[in-house]
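Residue-level structural notes
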Amino acid sequence: MSSDLTVIHRLVWFNDHGTLDSYLKERVANEIDKDDSNGHKQNSFDSDKSLGNINSSETDPIDRKFRGLAPIHLAIQLGHEECVKVLIKHGADMLCTTDLGFLPLQEATSLGSREMMKELLLKRHEQIRNYVYKRQPHLYKVVKDEIESFYFEMNWDFKSWGKFSQFKRMFC
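The model shown is predicted, which means the values in this text are computed figures rather than measured ones.

What about the overall build of the protein?
When its secondary structure is counted, the protein shows 9 helices and 0 strands. Tracing the protein from N to C terminus, the helices and strands come up as α-α-α-α-α-α-α-α-α. Intrachain contacts of the protein at a sequence separation of at least 6 include 61% that bridge at least 24 residues.

Quick look at a nonpolar patch on the surface
Among the surface-exposed residues, W13, F14 and L78 lie close enough to one another that they form a single nonpolar patch of about 360 Å² accessible area. Structurally, F14 is set in the loop between helix 1 (4-13) and helix 2 (17-33). Taking relative accessible area as the criterion, F14 reaches 62% and is therefore assigned exposed.

Quick look at the nonpolar core
L20, L24, I72, I76, V84, L87 and L120 are the most contacted members of the largest nonpolar core, which has 25 residues in total. Mapped by element, the contributors of at least two residues to this core are helix 1, helix 2, helix 4 (71-78), helix 5 (81-89), helix 6 (104-111) and helix 7 (114-135). A total of 5 residues in this core trace back to one element, the largest contributor, which is helix 5. Excluding residues that lie within four positions of it along the chain, I76 makes contacts with V84, P104, E107, A108, L111, M116 and L120.

Re the confidence of the model for the protein
Averaged over every residue, the pLDDT of the protein is 76; residues scoring 70 or more account for 68%. Counting contacts from residues 40-58, a segment whose pLDDT is below 50, to residues more than four positions away or on other chains yields 37 contacts.

Some details on the environment of K89
Examined against the element boundaries, K89 turns out to sit in helix 5. K89 sits in the exposed class, given a relative accessible area of 51%. For the pair K89 and K123, spaced 34 residues apart in sequence, the C-alpha to C-alpha distance is 9.0 Å. Setting aside residues no more than four positions away along its own chain, K89 makes contact with D21 and K25.

Cut-offs used in this document
- Residues numbered from 1 in each chain as written.
- Predicted model: local features only at pLDDT ≥ 70, side-chain atom pairs only at ≥ 80, totals over all residues.
- Heavy atoms only, no water.
- Helix = DSSP H or I, 4+ residues; strand = E, 2+ residues; numbered from the N terminus.
- Contact = heavy atoms within 4.5 Å.
- Patch = residues over 30% accessible without salt bridge, like charges linked within 9 Å, V, L, I, M, F, W, Y side chains within 5 Å.
- Areas by Shrake-Rupley, 256 points an atom, 1.4 Å probe, with all protein chains shown as cover.
- Salt bridge = Lys/Arg side-chain N within 4 Å of Asp/Glu carboxyl O.
- Buried < 20%, exposed > 50% of the residue type's maximum accessible area, 1.4 Å probe, protein only.
- Core = buried A, V, L, I, M, F, W, Y, C linked by side-chain atoms within 4.5 Å.
- pLDDT = per-residue confidence, 0-100.

As structure tokens, then:
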């Protein structure tokens, strides 16, 4: 098999979730072996990656797009739930989009797979929580510990219905 990009996509295409899992585990093990003597990683792979890594599609093969689709999108579109579980387990980005702008959760919603939607939504919340914690630890602490439950009320008031109805009469 040629490159990381097409290897992961091929394994998803053929629904080979066992080989996909072992391939991704091997990739993580190789990344750990590349650590320098101080324990710092020499490359940009981050197994705890979350939102905000704008260039993740360039650095991590699990999120790279091939013909407009990341592996997570391909697995969802083909209905390969086991591959989706493996990709989620290995940290696929839940906010990557297809070239048409669809998120993995939107793809699962279009298929109607409630179990897949639940897993994607939980992982998405986890990634957002990790992102907020990494980027704004003080804000995370305030929201988590210091803010009590609160009540939010929003009033909608439309005063321009007359103008809208005049506009509607002009074109209808």
